[in-house]
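Chains, contacts and geometry: an overview
Each chain is listed here by its residues.
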Amino acid sequence: MTILRNTLVAAALVLGFGAAAQAQDEEPVRVGFIYVGPIGDFGWSYQHDQGRLALEETFGEAVETSYVESVPEGADAERVLRQMAQAGNDIIFATSFGYMNSVVNVAKQFPDVKFEHATGYQRADNLATYSSRFYEGRHVIGLIAGRMTKSNVIGYIGSYPIPEVIRGINAAYLAAKSVNPDVQFRIVWSNTWFDPALEADAAKTLIEQGADVLMQHTDSTAAMTIAEEQGIFAFGQASNMANFGPDAQLTAIIDNWAPYYIQRVQEVMDGTWSSTDTWGGIGSGMVEFADLSDKIPADVQEEARTAMEAMAAGTLHPFTGPINKQDGSPWLKEGEVADDATLLGMNFYVEGIEGVIPQ
Amino acid sequence: MLRLEPRTSASPLVEAITPVGAVIATMVAGGCLFALLGKNPFEAIHMIFVAPLLDPYSRSEMLIKATPLVLIALGLSFGFRAGVWNIGAEGQYVMGGLAGSAVALAFWNVEGAWLLPLMVLAGMAGGCLWAMIPAVLKVRFNANEILVSLMLVYVAGLFLSAMVSGPLKDPQGFNFPQSRLFHDSARLPVLLEGSRVHVGVLVALAAVVLAQVLLHRHMFGFNVRLLGQAPRAAAFSGVNANRLTVICLALSGSLAGLAGIFEVAGPIGQLQPSLPVGYGFTAIIVAFLGRLSPIGILLAGLVMALTYIGGETAQFALGIPKAAISVFQGMLLFFLLAADLLTRYRIARIRRGVV
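Residues numbered from 1 in each chain as written. Chains lettered and ligands numbered in written order. Predicted model: local features only at pLDDT ≥ 70, side-chain atom pairs only at ≥ 80, totals over all residues.

Let us now look at the overall build of chain A. When you go through chain A residue by residue, the secondary structure sums to eleven helices and 14 strands. Principal axes of the C-alpha set define a box for chain A whose edges measure 90 × 40 × 40 Å. Of all 359 residues assigned to chain A, the portion counted as buried reaches 49%. Pairs at least 24 apart in sequence give 64% of the contacts found in chain A among residues at least 6 apart. (Helix = DSSP H or I, 4+ residues; strand = E, 2+ residues; numbered from the N terminus. Buried ≥ 20, exposed ≤ 12 C-beta atoms within 10 Å, placed from the backbone. Contact = placed C-beta atoms within 7 Å.)

With that settled, consider the overall build of chain B. On a plain count of helices and strands, chain B comes out with 13 helices and two strands. A compact globule built from 355 residues should have a C-alpha radius of gyration of about 20 Å, and chain B, at 22 Å, falls within 12% of that. Taking the principal axes of the C-alpha coordinates as reference, chain B spans close to 80 × 60 × 35 Å. In chain B, which comprises 355 residues, the proportion classed as buried is 50%. (Rg over C-alpha atoms; globule rule 2.2 N^0.38 Å.)

Time to look at the domain arrangement of chain A. Residues and elements named next belong to chain A. As far as domains go, chain A holds domain 1 (28-132) and domain 2 (134-255 + 286-344). Measuring from the centre of the C-alpha atoms in domain 1 to the corresponding centre in domain 2 gives 28 Å. Domain 1 puts nine residues into the contact, and the matching count from domain 2 is 14 residues. Classifying every residue of the side of domain 1 that touches domain 2 by side-chain character gives three nonpolar, five polar and one charged. (Domains from an automatic or database assignment. Nonpolar A, V, L, I, M, F, W, Y, C, P; charged D, E, K, R; others polar.)

Listed by partner, the interface residues are 24 residues for chain B and 30 residues for chain A. Contributing elements (two or more residues each) for the side of chain B that touches chain A: α3 (56-82), α6 (145-165), α10 (241-268) and α12 (294-318) of chain B. By residue number, the principal contributor to the side of chain B that touches chain A is α12(B), which donates five residues.

Soluble globular proteins tend to bury their nonpolar side chains together. Counting residues in each nonpolar core, the largest one holds 105 residues, and the members touching the most others are A:I34, A:L81, A:A203, A:L214, A:A227 and A:A234. Considering each element in turn, this core owes the most residues, nine residues, to helix α6 (residues 163-179) of chain A. Residues from two domains meet in this core; each of domain 1 (28-132) and domain 2 (134-255 + 286-344) of chain A gives at least three. Ranked by size, the runner-up nonpolar core spans 96 residues in total, among them B:L74, B:F80, B:L152 and B:L249. (Core = buried A, V, L, I, M, F, W, Y, C linked by C-beta atoms within 7 Å.)

It is worth spelling out the sheet that holds strand β11 (residues 277-280) of chain A at this point. Residues and elements named next belong to chain A. With parallel pairing, six strands are arranged side by side in an open sheet as β2-β1-β3-β4-β5-β11. Looking at strand neighbours, the two that pair on one side only are β2 (63-68) and β11, the edges of this open sheet. Put simply, the sheet's adjacent strands are angled 20° from each other on average, direction ignored. Sheet topology note: the strand β3 (residues 91-94)/strand β4 (residues 114-118) ladder contains four bridges and is parallel. Paired with I92 across the two strands is F115, which belongs to β4. (Pairing = 2+ DSSP bridges. Axes fitted to C-alpha atoms, helices over the stretch in contact; angles between N-to-C directions.)

What follows concerns the pairing of β4(A). Residue and element names in this part refer to chain A. Of all five residues making up β4, five are buried, and the element is well covered by its neighbours. Every second residue of β4 is oriented toward a common face, with K114, E116 and A118 on one face and F115 and H117 on the other, all of them buried. After leaving β3, the chain enters helix α4 (residues 100-109) and then returns to the sheet as β4, a path that is right-handed. The sheet contact formed by β4 and strand β5 (residues 127-132) spans four bridges and is parallel. Following the sheet pairing, A118 is matched in β5 by Y130. (Right-handed = clockwise from strand over helix to strand, strands pointing away.)

When the terminal C-alpha atoms of helix α13 (residues 322-344) of chain B are compared, their 34 Å separation across 23 residues agrees well with the 33 Å that a helix rising 1.5 Å per residue should span. For α13(B), every residue scored as buried is listed here: B:K322, B:I325, B:F328, B:L332, B:F335 and B:L336. (Expected span 1.5 Å × (residues − 1).)

In this section: the environment of B:V84. Residue and element names in this part refer to chain B. Mapped onto the secondary structure, V84 falls in the loop between α3 and α4 (89-106). Each C-alpha atom of the pair V84 and R180 lies 38 Å from the other, and the pair is 96 residues apart in sequence. If near-sequence neighbours (up to four positions away) are discounted, V84 is found in contact with G79, E145, T245, C248 and L249.

Residue and element names in this part refer to chain A. Per-residue confidence for chain A gives a mean pLDDT of 91; residues scoring 70 or more make up 93%. When the elements of chain A are averaged for pLDDT, helix α1 (residues 2-24) gives the smallest value, 43, and β3 the largest, 98. This stretch, residues 1-24, has a pLDDT under 50; its non-local contacts, to residues over four places away or in other chains, come to two contacts. (pLDDT = per-residue confidence, 0-100.)

All names here are of chain B. Packing of α3 against helix α8 (residues 219-229) leaves a shortest axis separation of 6 Å and a crossing angle of 45°. As the angle between them shows, α3 and α8 are arranged oblique. Contact residues: F78, R81 and A82 in α3; V224, R225, L227 and G228 in α8. Split by residue class, the contact of α3 with α8 holds four nonpolar, one polar and two charged. (Parallel < 35°, antiparallel > 145°, perpendicular 65-115°, else oblique.)

All names here are of chain B. Remark: helix α2 (residues 41-54) packs on α12, axes separated minimally by 8 Å, with the N-to-C direction vectors making an angle of 135°. One finds that α2 runs oblique with respect to α12. Between α2 and α12 the crossing geometry is right-handed. On α12, the residues touching E43, A44, M47, I48, F49, A51 and P52 of α2 are L306, T307, I309, G310, G311, T313, A314, A317 and L318. (Left-handed = near helix turned anticlockwise from the far one by under 90°.)

Right, let's talk about the environment of A:D255 for a bit. Residue and element names in this part refer to chain A. Mapping D255 onto the fold places it in strand β10 (residues 249-255). Overall, the presence of 24 C-beta atoms within 10 Å leaves D255 in the buried class. Once the C-alpha coordinates of D255 and T218 are considered, the two residues, 37 residues apart in sequence, prove to be 13 Å apart.

This is how it looks when you write it as structure tokens:
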């Protein structure tokens, strides 16, 4: 009898009291992520998921993360966000621009849940926005490209002609031009964020037009693979793509969301979270670089590192006057630095870039 | 050696229960897949097939998700019965959404109860006209409608992309490729407070009833069935095969277009390049899962919607990857086709030496 009773008590301890003891400890902060692509895209969504994994590594048992991948930016996003909110997540990161209307709607319905929207511009008391100053990274790869090109033609695979992408083109062009006055940019608009076949075609077209260095604002590794095959150079986008172009990759602009995610989740734990608008650059650790290729001469490496450090320190801004717009009209005066509002709405090329922005 | 022999008679009871059998087989095989991934198979199947039914919000979302599937599949089912293979419903869906949206945006901020019906008509016309391309090419030049309709899906997708990056782009949208948000007069009324269930759900239900009547109580339905089962007999009895081909494509195109404008004016509320998410292709599965019968399609559409919504929940609640969910959905069609084959044919052993 006693044995049985002891067993029962033990079982009760394990089942009931165990659960109670756990409840007495701090409940883990539950963090949800919704991704537009598969986590295996080795680009945009992959990097956000790396940020999620960094949360688990940093906080261990104190966080519980979950995600839904490949959620189209349409009717489905609102449902997924709502279900995640209903499932008891404390904070939800919506990691694509196209989720904006959905996340705004769901944030209204769940005032106690905190929402974070990447690259968006609509905020609420429980809806923050965040993005990175990728143009700082573009400045660095522009410098390297300007030095490395032999044909003086740099190919650029654009996604959509939105300010984010145009800003990147301008930043890279200005930097390349500053070290190589003869440099020319050829730009192809692919109207997609992720379409390996289309991106590969765009890369081939650019190479046929004489490009010997490729840059991209699309997410797949296709262009890197083509560059490797054809023996030219390219820059990784969002993620380190060295595995796909060991000889081709000069460096990569890496989206490092981990510092931001860790900071925000820490704020949720501390109860200090508030709705903010974050736009972090190299200085905040949100924009990083893959190892510089040893194909880059030492002095160019030095030049690139100096630029990185200067931007991190805030002493260098990629958009510092004098800069004219494409049509020759003045934009920034000597020494003038672009303000964020203009950068966020940028819809013009700077002087020297050929072609028109599709409107 | 094995070979397939047609069975002399397939029992109607067996035919009716094979979809259920396919669903059960999918659960078993899917369960094994989830177990291999280190997930609790019972929990996963419960999450996908049962949990959404217990939650009111998930139930309402199921209706929304099933609406385009059911509408498109209903249209396709007539053609499939008659041997007209419209594989391009996805493109007709896009063109319907586009045409209806163009009307909404042309009258942006103009209030009026007439706007929504006009958008719906434009949507149906858009889908119908897009389906007329393969219809005309088929009837005039005997071009294969499978190829033509399928390739027009990509044309439609690119056309949508051009429109939302061009004439239909939101002028205040920072050059983002999407339209303005529709104003209230251009949005489908919501039926249930706090959900997104819209009028389109009722229209889909009405379409099921209409299709049932058309198929079984109308000469058109009879001719469709006749043409599919016995084309020569149909020709002798005076059925004009060309005319029927055109009507079947018009019907499926219109319903796909209707689904498109319902999706834009319902849950989305603006035109986006990401409008096509595969409903036109999934509806083919739904049509066959529902045995090409309207009631069957309704049930199949709901089951399909259930697996989508449950699949999302399983992703974040259990950490099952999206790819595994897609494999799971693919299994459903695979088992259905296999079960189908085995009800109509039996596997016979060929003895050596016997010719």
